[in-house]
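# Overview (structure and organization)
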2 protein chains.
Amino acid sequence: MKRDLIPPPVVWRLSLYLRELQALAGEGVEKISSRNLADGLQTTDTQVRKDLAYFGQFGRRGVGYSVAELIRRIRQILKTDKVRPVVVVGAGDLGRALLRHKGFLSKGFEIVSAFDISMTRVGTTAGDVPVRHLDELQGFLRQFDIRLAVLAVPPQAAQDVCNRLCELGIQGILNFAPISISAPAGVTVRQVDLTAELEQLSFHVATQ
Amino acid sequence: MKRDLIPPPVVWRLSLYLRELQALAGEGVEKISSRNLADGLQTTDTQVRKDLAYFGQFGRRGVGYSVAELIRRIRQILKTDKVRPVVVVGAGDLGRALLRHKGFLSKGFEIVSAFDISMTRVGTTAGDVPVRHLDELQGFLRQFDIRLAVLAVPPQAAQDVCNRLCELGIQGILNFAPISISAPAGVTVRQVDLTAELEQLSFHVATQ
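What follows deals with the overall build of chain A. Within chain A, the secondary structure is distributed over nine helices and nine strands. Burial status across chain A gives 42% buried among its 208 residues. Residue pairs in contact within chain A that sit at least 24 positions apart in sequence constitute 51% of those at least 6 positions apart.

Structure below.
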């Protein structure tokens, strides 16, 4: 099945299953049923089986899944079974927090460099990741064949940087700038809008 | 209409509309049609009108919306028309980046304090926000009537801290820990999983 035809919620749940399986593996669990995997993830065993069925045959009836095997298969599907290099553009507070974040590497992502235009940031490192000048982006991306980028620039710069990234062969952009950006066909953009997340909570929570 | 019965995607789009309207207001735009508002947000004018209709009467046929008025009304709906205090639990790299983030206040959220257990963090500030010891959380929440919290603790601590927050009257939790947490009825939890976001991109992007 073509990847673009798989419903986005299915792919999203693969990440949820993977996170849960990784936690279970950390606790030494070796086998799991679809029902146990569904528990705590606000989903059902039917949903788990249906989601996995998009990608082939998993587990055995009545036996359940091998945790290690299912982790391996889901990582293949998500293409994180080999470490993928990622660049971060924008090395402000959020960008630097991402550089220092220890959790990405074990999940298959390595932030290899950050880029910025501020001379107080260029030349520094955060979490051992160097911050280079944005002018070096083109040479860097040409040299290392990187497909994934995180955008942590101010909103007014986001579309310009996005255009530049797409021209240089970036195919997936995680945008933290609080503004919608558009990218050409073939480039996937996801936005993380922290204010919008707080607003969703606020909507449901009584005022003081 | 009861808030819990309004479809979550409708509430999510309110945030998207608000972000777009705030950008337009910043550019000096005073009037906007539902079509223009829908453009760039990957939605349609029909959707915009349908979403807003959940909350009453907006704009006038053929005249469009007043940008300022629509911002005011959406903020009332999202309950961000008055500044809401927020606490951050966990003052590691991500927590500190949130404390330093300048964008929340103008959107109606003020991070008033962070809490941590690390003695190298307690007593410091980030972005002028003090980091207090987690032991002070109870007294602080009792004193200030705060309903919203951000969880930026390690995954193994997330559920415990969540339980504590719920006991102390927190009703909305934004969880950055890469683990599912459960909360009692009446508490809304939203999870931001940055690894899952990268995985969603990776799924669609060719490997090197």
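On we go.
A separate point is the pairing of strand S4 (residues 109–116) of chain B. All names here are of chain B. Of all eight residues in S4, six are buried, a share of seventy percent or more. Bridge analysis of strand S3 (residues 84–89) against S4 gives six bridges, and the strand direction is parallel. Paired with Val-86 across the bridge in S4 is Ile-111. Looking at chain direction, S4 and strand S6 (residues 129–133) are connected through three bridges and run parallel. Of the residues in S6, the one forming a bridge with Phe-115 is Arg-132.

This part takes up the packing of helix H9 (residues 194–204) of chain A against helix H1 (residues 8–26) of chain B. Running from N to C, H9 of chain A and H1 of chain B cross one another at 130°; their axes reach a closest spacing of 9 Å. Classified by the angle their axes make, H9 of chain A and H1 of chain B are oblique. The hand of the H9 of chain A/H1 of chain B crossing is right-handed. From H9 of chain A, Ala-196, Glu-199, Gln-200 and Phe-203 of chain A reach across to H1 of chain B, where they touch Val-11, Trp-12, Ser-15 and Arg-19 of chain B. When grouped by side-chain class, the residues that make up the contact of H9 of chain A with H1 of chain B number four nonpolar, two polar and two charged.

Once that is clear, we can look at the domain arrangement of chain A. You can read the domains of chain A as domain 1 (3–77) and domain 2 (84–196). Put simply, the middle of domain 1 of chain A and the middle of domain 2 of chain A, counted by C-alpha atoms, are 30 Å apart.

Interfaces are often sized by the accessible area lost when the parts come together. Contacts between the two partners involve 49 residues from chain B and, on the opposite side, 49 residues from chain A. Put simply, the parts of the chain that give the side of chain B that touches chain A at least two residues each are H1, S3, helix H5 (93–100), helix H6 (103–106), strand S8 (172–175), strand S9 (188–191) and helix H9 (194–204) of chain B. For the side of chain B that touches chain A, the element with the most residues is H9 of chain B, which contributes ten residues. Looking at the side of chain B that touches chain A, its residues break down into 21 nonpolar, 15 polar and 13 charged.

The next point concerns the sheet that holds strand S8 (residues 172–175) of chain A. Residue and element names in this part refer to chain A. Here seven strands make up an open sheet; going across it, the order is S5-S6-S4-S3-S7-S8-S9 and the pairing mixed. Single-partner strands in this sheet number two, and they are strand S5 (125–126) and strand S9 (188–191). Helix-sheet contacts for helix H8 (residues 155–167) involve strand S3 (84–89), strand S7 (148–151) and S8, and the interaxial angle to S7 is about 170°.

Once chain B is rotated about the relating axis by 180° and shifted along it by 0.0 Å, it coincides with chain A to within an RMSD of 0.0 Å. The two molecules are tied by a two-fold rotation axis, judged by turn and shift. The position closest to the rotation axis in chain B is occupied by the C-alpha of Ala-97 of chain B, lying 3.1 Å away.

Here the focus is the environment of Val-83 of chain A. Residues and elements named next belong to chain A. Along the chain, Val-83 falls in the loop between helix H4 (67–78) and S3. C-alpha of Val-83 to C-alpha of Asp-160: the two residues are 77 residues apart in sequence and 28 Å apart in space. Not counting chain neighbours up to four residues away, the residues in contact with Val-83 comprise Gly-108 and Glu-110.

It is worth spelling out the sheet that holds strand S7 (residues 148–151) of chain B at this point. If you trace the seven strands from one edge of the open sheet to the other, you get S5-S6-S4-S3-S7-S8-S9 (chain B), paired in mixed fashion. The strands lining the two open edges of the sheet, one partner per strand, are strand S5 (125–126) and S9 of chain B. Across four bridges, S8 of chain B lies against S9 of chain B in parallel orientation. Opposite Asn-175 of chain B, over in S9 of chain B, you have Gln-191 of chain B as the bridge partner. Packed on one face of the sheet, H9 of chain A meets S3, S4, S7, S8 and S9 of chain B and runs near 160° to S8 of chain B.

Time to look at the nonpolar core. Counting 78 residues, the largest nonpolar core has Val-88, Ala-149 and Leu-151 of chain A together with Val-88, Ala-149 and Leu-151 of chain B as the members making the most contacts within it. Apart from residues no more than four positions distant in its own chain, Val-88 of chain A is found in contact with Gly-95, Leu-98, Leu-99, Ile-111, Ala-114, Val-150 and Ala-152 of chain A.

To continue, consider the confidence of the model for chain A. Averaged over every residue, the pLDDT of chain A is 93; residues scoring 70 or more account for 100%. What the predictor reports for the complex is a pTM of 0.87 with an ipTM of 0.94.

Conventions used here
- Residues numbered from 1 in each chain as written.
- Chains lettered and ligands numbered in written order.
- Predicted model: local features only at pLDDT ≥ 70, side-chain atom pairs only at ≥ 80, totals over all residues.
- Helix = DSSP H or I, 4+ residues; strand = E, 2+ residues; numbered from the N terminus.
- Buried ≥ 20, exposed ≤ 12 C-beta atoms within 10 Å, placed from the backbone.
- Contact = placed C-beta atoms within 7 Å.
- Pairing = 2+ DSSP bridges.
- Axes fitted to C-alpha atoms, helices over the stretch in contact; angles between N-to-C directions.
- Parallel < 35°, antiparallel > 145°, perpendicular 65-115°, else oblique.
- Left-handed = near helix turned anticlockwise from the far one by under 90°.
- Nonpolar A, V, L, I, M, F, W, Y, C, P; charged D, E, K, R; others polar.
- Domains from an automatic or database assignment.
- Least-squares fit on C-alpha atoms with pLDDT ≥ 70 in both.
- Core = buried A, V, L, I, M, F, W, Y, C linked by C-beta atoms within 7 Å.
- pLDDT = per-residue confidence, 0-100.

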